[in-house]
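Coordinates in review
Residues per chain are reported as follows:
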Number of protein chains: 2
Amino acid sequence: MERKKIFGEPRCSAPNENVSFVQKSIRMTVLTKNINQIVSLTPEEINAIENAFGYLELSKGGFWVKQGKICDQVAFVVSGKLRNFYMEDAGNEVTCFFVTANHFISSFTSFLTNTPTHENISALEDTVLRVISKNDLEKLSVLIPKLQIFRRVIAENLFITMEKRVAILQSKTAYERYEKMLKENPEIILGVPLQYTASFLGITPQHMSRLRKEMMK
Amino acid sequence: MERKKIFGEPRCSAPNENVSFVQKSIRMTVLTKNINQIVSLTPEEINAIENAFGYLELSKGGFWVKQGKICDQVAFVVSGKLRNFYMEDAGNEVTCFFVTANHFISSFTSFLTNTPTHENISALEDTVLRVISKNDLEKLSVLIPKLQIFRRVIAENLFITMEKRVAILQSKTAYERYEKMLKENPEIILGVPLQYTASFLGITPQHMSRLRKEMMK
DNA sequence: GAATTCGCTTAACAAATGTTAACAAATCAC
DNA sequence: GTGATTTGTTAACATTTGTTAAGCGAATTC
């Protein structure tokens, strides 16, 4: 019963939409619902996946990944919001990306190449994660081969996202980038310190402040 | 016998390194050699893959993909070099990326989402491709499930590449970007019109000319 | 071989963006 | 609540980058 509380996301429609009991009380959370949208799962597979992913709660400001270590886990964000960032030599932070509920997060390059990460991941608000280690993910993928397809689709979508970002950083002005983000990702800009968004867009907080003023007209 | 000529890449070490006859004359080209480095293939699988990929030769300047159509193919570059670019509203070209031998190329977002592409792909020099349609790739992946793993790894590597590019565009000056590319990808910069490299780096040709002059000191 | 196009450079100027520093506003710690 | 820290704003100035226009040599075309 305690767990139900963890999954309790008021923004989801009906309560039974969130935690469903399929057949013989198979527990299907947002995690397997998400996977099931790409590759359809049997009740046994749902159980295996739900059991393989652990739970992790982070308080606002709490760190999940710290630079210098190998990030050997990947997580699904049940609720909350996180930021992936690194420190430049000069000491200033660079925000790589933000991750909101219903998406996967990791220090991907470290996870995929087994090398120490230079990134940090911290919670921008209270956050609930479903976490799995690389080892366990590989085991699970042997047990459920169709997970390879799911993992491929996730990687492909990450690529598409990054390709779009490259195009924007390459050919749009700071003003256009801010405008676009405000329109397409207001949920990220709002409620996140301006300096984080600024570095995500590749500009200084001062300049972004200037752009905001300009936009008021 | 004519085909052997196509594969004849003088830059590869011994001739039998390039076209190998394993067991009962299994033909293994750079294509399956590349795949085999990620997921090991049986002779039957090698044959199936080699037969599923067609051949395509492009002369310098020739187009493989044109904007407006759905790109439903992916290709492996046997030899040569290509450029992926799109036209901005203003009419100027933006170079998305360059692809050299031994890598896969496509208008990936179009290929993955079945939507018309706004990109073009043309050959920077005479080029030989091994081409497969999305449909055939899916069939082949059913026949050889481990190809899902290979496709996942390809997508992951594409993501890693794009993530690095985002970080550079986000936080490095034009001078630093050019310097870095000159050091890490000289094979692309040399022998490619400067304007293409400039747009790849997100700067104007004039500014890049300025940077080169500055670098002479 | 003359004309043309292409690729690249240069220069003067304009616009965008960064830097520094000071301060205001909001939030946090106690 | 009050002081301290974080966050956001503003302004003056410096630097980077874009724009426009011109020119030049090599390759290409006719």
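Residues numbered from 1 in each chain as written. Chains lettered and ligands numbered in written order. Predicted model: local features only at pLDDT ≥ 70, side-chain atom pairs only at ≥ 80, totals over all residues. Heavy atoms only, no water.

1. Things to note about the protein's contact with DNA strand D
Around DNA strand D, 15 residues are found, and the nearest of them are Leu194(A), Ser209(A), Ala174(B), Gln206(B) and Arg210(B). When the atoms of DNA strand D within 4 Å of the protein are sorted by group, sugar and phosphate make up 67%. Ala174(B) has a polar backbone atom sitting 2.9 Å from a phosphate oxygen of DNA strand D. Residue Thr204(B) places a main-chain N or O atom 3.3 Å away from a phosphate oxygen belonging to DNA strand D. Of all the elements in the fold, those that place two or more residues in the surface near DNA strand D are helix H10 (194–201) and helix H11 (205–215) of chain A together with helix H11 (205–215) of chain B. By residue class, the composition of the surface near DNA strand D is 4 nonpolar, 8 polar and 3 charged. (Near = heavy atom within 4 Å. Polar contact = N/O pair within 3.5 Å; in protein donor to acceptor, adjacent residues only side chain to side chain. Helix = DSSP H or I, 4+ residues; strand = E, 2+ residues; numbered from the N terminus. Nonpolar A, V, L, I, M, F, W, Y, C, P; charged D, E, K, R; others polar.)

2. Examining the protein's contact with DNA strand C
Neighbouring residues of DNA strand C: 16 residues in total, closest Ala174(A), Gln206(A), Arg210(A), Leu194(B) and Ser209(B). Of all DNA strand C atoms lying within 4 Å of any protein atom, the proportion belonging to sugar or phosphate reaches 62%. Thr204(A) places a polar main-chain atom, nitrogen or oxygen, 3.3 Å from a phosphate oxygen of DNA strand C. In the model, a phosphate oxygen of DNA strand C is placed 3.0 Å from a nitrogen or oxygen of the Gln195(B) side chain. Of all the secondary structure elements, the ones that give two or more residues to the surface near DNA strand C are H11 of chain A together with helix H10 (194–201) and H11 of chain B. The biggest single contributor to the surface near DNA strand C is H11(B), with 5 residues. By residue class, the composition of the surface near DNA strand C is 4 nonpolar, 8 polar and 4 charged.

3. Topic: the relation of the copies chain A and chain B
Least-squares fitting of chain A to chain B yields an RMSD of 0.1 Å, with the transformation described by 0.0 Å of translation along the axis and a rotation of 180°. The relationship between the two copies is best expressed as a two-fold rotation axis. Of the residues that chain A buries at the interface, 100% are likewise interface residues in chain B, meaning the two copies contact each other through the same surface. (Least-squares fit on C-alpha atoms with pLDDT ≥ 70 in both. Contact = heavy atoms within 4.5 Å.)

4. Some points on the pairing of strand S5 (residues 73–79) of chain B
All names here are of chain B. Here S5 lies mainly inside the structure; 6 of its 7 residues are buried. Pairing of S5 with strand S10 (residues 127–133) involves 6 bridges; the strand directions are antiparallel. Bridge pairing in S10 links Val74 to Ile132. Bridge count between S5 and strand S8 (residues 104–105): 2 bridges; the pairing is antiparallel. Bridge assignment links Ala75 to a residue of S8, and that residue is Ile105. (Buried < 20%, exposed > 50% of the residue type's maximum accessible area, 1.4 Å probe, protein only. Pairing = 2+ DSSP bridges.)

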